[in-house]
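Per-entry structural report
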Amino acid sequence: PEYADVEGPEYSKSYDFFITNRNEESGKVARQMDSLNKAVMDQAKNRQFDEMRKTREDQQNLMDQYNLD
């Protein structure tokens, strides 16, 4: 009874975008983020740090565009 008024955990903006309010656009953004993550990992493995910084910037721009955290 003392927990009856509790709504539940608060989730991040990313969780809400990709999971709670999942749609075609969020799926597209998820695939873009995954592709950028793979590129960053490959660039780090190959010690391509300048390219890696540019890719991380692209990632951040995408996150900013969709107001993600």
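Here we summarise the structure given alongside this text.

Cut-offs and rules
Residues numbered from 1 in each chain as written. Predicted model: local features only at pLDDT ≥ 70, side-chain atom pairs only at ≥ 80, totals over all residues. Heavy atoms only, no water. Helix = DSSP H or I, 4+ residues; strand = E, 2+ residues; numbered from the N terminus. Buried < 20%, exposed > 50% of the residue type's maximum accessible area, 1.4 Å probe, protein only. Contact = heavy atoms within 4.5 Å. Areas by Shrake-Rupley, 256 points an atom, 1.4 Å probe, with all protein chains shown as cover. Polar contact = N/O pair within 3.5 Å; in protein donor to acceptor, adjacent residues only side chain to side chain. Patch = residues over 30% accessible without salt bridge, like charges linked within 9 Å, V, L, I, M, F, W, Y side chains within 5 Å. Salt bridge = Lys/Arg side-chain N within 4 Å of Asp/Glu carboxyl O.

1. Side note on the overall build of the protein
Within the protein, the secondary structure is distributed over 3 helices and 0 strands. Element order for the protein, N to C, with α for helix and β for strand: α-α-α. For the protein, the residues scored as buried account for 22% of the 69 residues in total. A separation of at least 24 residues holds for 47% of the contacts in the protein among residues at least 6 apart in sequence. Within the structure as shown, the protein displays about 5900 Å² of accessible surface, and the carbon and sulfur contribution to it stands at 46%.

2. Focus on the environment of Ser-35
For Ser-35, the position within the fold is in helix 2 (residues 24-45). The exposure class of Ser-35 is partly exposed, given its relative accessible area of 44%. Between the alpha carbons of Ser-35 and Gln-59 there is a distance of 9.8 Å; along the sequence they are 24 residues apart.

3. Side note on the side chain of Gln-59
Residue placement: Gln-59 occurs in helix 3 (residues 49-65). Overall, the relative accessible area of 7% leaves Gln-59 in the buried class. Not counting chain neighbours up to four residues away, the residues in contact with Gln-59 comprise Met-33, Leu-36, Asn-37 and Val-40.

4. Concerning the side chain of Gln-43
By secondary structure assignment, the location of Gln-43 is in helix 2. Separated by 3.4 Å, the side chain of Gln-43 and the backbone nitrogen of Met-52 make a polar contact. Those residues within four positions of Gln-43 in sequence are excluded, and the remaining contacts are Gln-48, Glu-51, Met-52 and Thr-55.

5. Section: a nonpolar patch on the surface
Together, Tyr-11, Tyr-15 and Ile-19 make up an exposed nonpolar region whose accessible area comes to about 300 Å². With respect to the secondary-structure elements, Tyr-15 resides in helix 1 (residues 13-20). The class for Tyr-15 is partly exposed, based on a relative accessible area of 32%.

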